[in-house]
Amino acid sequence: MAARCVMVLGTTSGAGKSWLATALCRWYARQGLRVAPFKAQNMSNNARVVPARSDADHGGEIGSAQYFQALAARAVPDVRMNPLLLKPERDTASQVILMGEVHEALTRTPWRERSAMVWPRIAEAFDSLAADHDVVVLEGAGSPAEINLMASDIVNLRMACHADARCLLVTDIDRGGAFAHLYGTWALIPEADRARLSGFVLNRFRGDASLLAPGPEQLQGLTGVPTVATLPMWWQHGLPEEDGVFDDRPSGDRSAGGLTVAVVAYPRISNLDEFQPLKKVPGLRLVWARTPEALAGADWIVLPGSKATASDLAWLRAQGLDRAIAAHATAGGRVLGICGGLQMLGEALVDPHGIDGNAPGLGLLPLVTVFAREKTVRLRRTRFEAVSGPWSALAQVPLAGYEIHHGQTGAHPQLAAQGRPVLADELGWQNTAGNVLGLYLHGLFEDAGVVRALFGAQVPTLDATFDGLADYIDRHFAPGVLAGLIDP
C-alpha cells in the first residue's frame, strides 16, 4: 500500500462526513497529489453508474457520494471506491451491490454473516486503489461507536486499521450535545483505535466561536485529542444530501417569469441528488411534495426514481397525490417521470419474478412495465429526437446520463390496438398533448445544455463547487492540520 490515508468518521449519521470527505479530496488534489475516495460500505438509494476499468472489471453502480468525491479528487470514478453498496428496499431488507453488480446470494444473507463474507473483497479493492494513488480519503458510516455492531463493522474502525488511517471525528454541533457526542464516541471505541483520532471537527456552528471556550480545551484534557476545526453553518455548500431529502424546505424564490418545480418525495425516493442543480437556477423554486397541497401552484410535477416503485405508488395514492397529478396533467401542466416515475405514469406494473410488485399505474401514458430479473445498468450519451409540445426545447439537445432499472417499458398492446398512441423517442415517451414526458435516463438536469434549453440559465459548475469546499476547509481548519494528516 503506497497511499497515505485520511479517514472521516462521524459521531452520528448526517454529521457531515460525506461533504467533508469531498472537500478533503479536492484540497489534496490541489496539492498536485493523486487522490481517490473510498467507502467500504454505503447504504443509499442514490447511486451512479461508472465505467469498466478493464475486461476483468465490468463497472456498475457505486454510491453517489463516492462518485462526487472522485470528481472532486480529479479521479475517474470506479467500483473500487465503494465496493459494497446497500440499496434499501424495505426497512429490513436491502439489495446488495458488490463491486458494482447485484449479488443475489448476499442480498439473501443475514447482515452479520455478510460482513465476514465481503471483507476480503473490500480489502482487495482498497489495496488496489491505494497502490494507484498518493492519498486515499476514506469515509466511515454512521458512528464507529455502535457497540452492538462493532464486531461486524467493516466500514469504520476495521477499515481505519487496515488503511493505517489518521482519522477526523466530525459532529453536528447544531443538534446540541456535541461535546458529549465526541467524548462518548472516544470513550466507547477501543483504546488502540483512539490513537488514530487526529482531531475533532465541530460542524454547522452558529454564532460566536469564542463562546465555545473552554469546551475544546477541556475535551482535549479528557481525551488528548485537539479540536482542529469549527465549521460555521453553511446551507449552500452546493452538494446534494446523500441519503434523503435531508433539508426539504423549498429552495429559491419564484420571481417574475420563474417556475415552481415540485418533486414528489415518496418514501423510497432514489437518485434525488440529480435535482441539486435546480436549486441553483435563478428564479426557480424547488419544492419537495408529500401532500396534494404541496403541489398547488406548481408549474412542473416531477416523479423521480424509486427503489420500490409499487410500494411508493401505493403511498402516493394513499396521500391523494394521484388525483392532484392527474388534475395537473389534464389542465396541461408539465409532468416528468424519471425511471420509477416513468413506470408509475403508465397503465400497469407487472412483476413475474417478485422484483418490485404488481400495481395499476397512474394511466397518464399508455405504457406497461415488466420487471426483469436482470438489471439494466449503463451510461448513455444521446439526444432527444422527436420530443414535442411543452418539452420541445429539448429536441436535438445532446446529453449524457445513466440508467439503473429492472423495469422494461413499452406500449400497452391493448391500448395501442385501440388506436391510443404514445409518441416514442430515442429517450422516452410522451402523451399526445406532449405535456407528460417519461424517460429512464437519470442526470437530465446535470447537463449544462439541458439547463440552458429549459431555463435559459447557467448554473455553477461542479468543479467550482468542489473548489469552494476546498477553500472553505482551508479557511477554517487550524493551520498545518490538513497537510499534517498526510505527513509521513
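About the thresholds
- Note that residues are indexed from 1 along each chain, following the sequence as it is written.
- Note on the predicted model: pLDDT of at least 70 is required for a residue's local features to be given, and 80 or more for side-chain atom pairs to be given and counted; whole-chain, interface and lining totals, by contrast, use all residues.
- Computation of side-chain values: all heavy atoms of the structure, hydrogens and water removed.
- A run of H or I in DSSP becomes a helix once it reaches four residues, and a run of E becomes a strand once it reaches two; helices and strands are each numbered from the N terminus.
- The criterion used for residue contact is that any of the two residues' heavy atoms lie within 4.5 Å.
- What makes a salt bridge here is a side-chain nitrogen of Lys or Arg within 4 Å of a carboxyl oxygen of Asp or Glu, nothing more.
- Residue exposure (1.4 Å probe, protein chains only): buried if accessible area is under 20% of the type maximum, exposed if over 50%, otherwise partly exposed.
- To estimate the expected span of a helix, subtract one from its residue number and multiply by 1.5 Å.
- The term bend refers to the angle at a residue between two fitted axes, each drawn through seven residues, those ending there and those starting there.
- A pair of strands counts as paired when DSSP detects no fewer than two bridges linking them.
- Every axis in this analysis is a line fitted to C-alpha atoms, fitted for helices over the stretch in contact. Angles between the N-to-C directions lie between 0 and 180 degrees.
- Centres within 6.5 Å make a pair out of two Phe, Tyr or Trp rings, where for Trp the six-membered ring is used; the pair is then stacked when the planes are under 30 degrees apart, edge-to-face when over 60, and tilted otherwise.
- Here, a charge over a ring is recorded when the distance from Lys NZ or Arg CZ to the ring centre is within 6 Å and its angle to the ring normal is within 35 degrees.

Draft legend 1. Structural context of the environment of Val35. Looking at where Val35 falls in the secondary structure, it is placed in strand S2 (residues 35–38). Residues Val35 and Gly333 lie 298 residues apart in sequence; the distance between their C-alpha atoms is 46 Å. With residues near it in sequence (within four places) discarded, Val35 still touches Cys25, Tyr28, Ala29, Ala73, Ala75, His133, Val135 and Val137.

Draft legend 2. Fine view of the pattern of salt bridges. Per the counting criterion, the structure on display carries 20 salt bridges. Here Arg204 makes a salt bridge to Asp172, at a shortest N to O gap of 3.0 Å. A residue pair is termed long-range when its members are at least 10 positions apart, and Arg204 in strand S11 (residues 197–205) and Asp172 in strand S10 (residues 166–172) qualify at 32 residues. Asp172 shares its class with Arg204; the two are buried. Members of the salt-bridge network, linked through shared partners, are Arg26, Arg30, Asp463, Asp467 and Asp471.

Draft legend 3. Expanded view of helix H4 (residues 111–131). Here H4 spans 29 Å end to end across 21 residues, near enough to the 30 Å set by a 1.5 Å rise per residue. The sharpest bend along H4 measures roughly 45 degrees and falls at Val118, with the proline Pro120 sitting one to four residues further on. Taken residue by residue, H4 has Arg114, Ser115, Val118, Trp119, Ile122, Ala123, Ala125, Phe126, Leu129 and Ala130 as its buried positions.

Draft legend 4. Structural view of the sheet that holds strand S6 (residues 84–90). Here 4 strands make up an open sheet; going across it, the order is S3-S6-S7-S8 and the pairing mixed. Sheet topology places strand S3 (41–43) and strand S8 (101–102) at the edges, where each strand pairs with a single neighbour. Strands S3, S6 and strand S7 (93–98) of the sheet are contacted by H4, whose axis makes an angle of about 150 degrees with S6.

Draft legend 5. Local environment of the packing of aromatic side chains. Applying the stated criterion to the full structure yields 13 aromatic pairs. For the ring pair Phe445 and Phe455, a centre distance of 6.4 Å and an interplane angle of 35 degrees mean the geometry is tilted. You can see Phe445 sitting in the loop between strand S25 (436–439) and helix H14 (448–455) and its partner Phe455 sitting in helix H14, a full 10 residues away along the chain. Accessibility expressed as a relative area gives 17% for Phe455, which makes it buried. Through successive ring pairs, a cluster of aromatic residues spans Phe275, Trp288, Trp300, Trp391, Phe445 and Phe455. Arg194 extends its terminal NZ or CZ atom over the ring of Trp186, reaching a point 4.2 Å from the ring centre. Over the aromatic face of Trp391 sits the side chain of Arg334, whose NZ or CZ is 4.9 Å from the ring centroid.

Draft legend 6. View of the sheet that holds S2. Strand order in the open sheet made by the 6 strands is S2-S9-S1-S10-S11-S12, with parallel pairing throughout. The outermost strands of the open sheet, each flanked by one partner alone, are S2 and strand S12 (227–232). Geometrically, the sheet is characterised by an average inter-axis angle of 20 degrees between neighbouring strands, direction not taken into account. H4 rests against strand S1 (4–10), S2 and strand S9 (135–139) of the sheet, and its axis sits at about 165 degrees to S2.

Draft legend 7. Region of the structure containing the pairing of S6. Burial analysis of S6 places 5 of its 7 residues in the buried class, the great majority of the element. Sheet topology note: the S3/S6 ladder contains 3 bridges and is parallel. In the sheet register, Met43 faces S6, and the bridge partner there is Leu86. Inspection of the sheet shows S6 paired to S7 by 6 bridges, in the antiparallel sense. The residue bridging Leu84 from the neighbouring strand is Leu98, located in S7. In this structure, the hairpin formed by S6 and S7 is closed by a connection of 2 residues.

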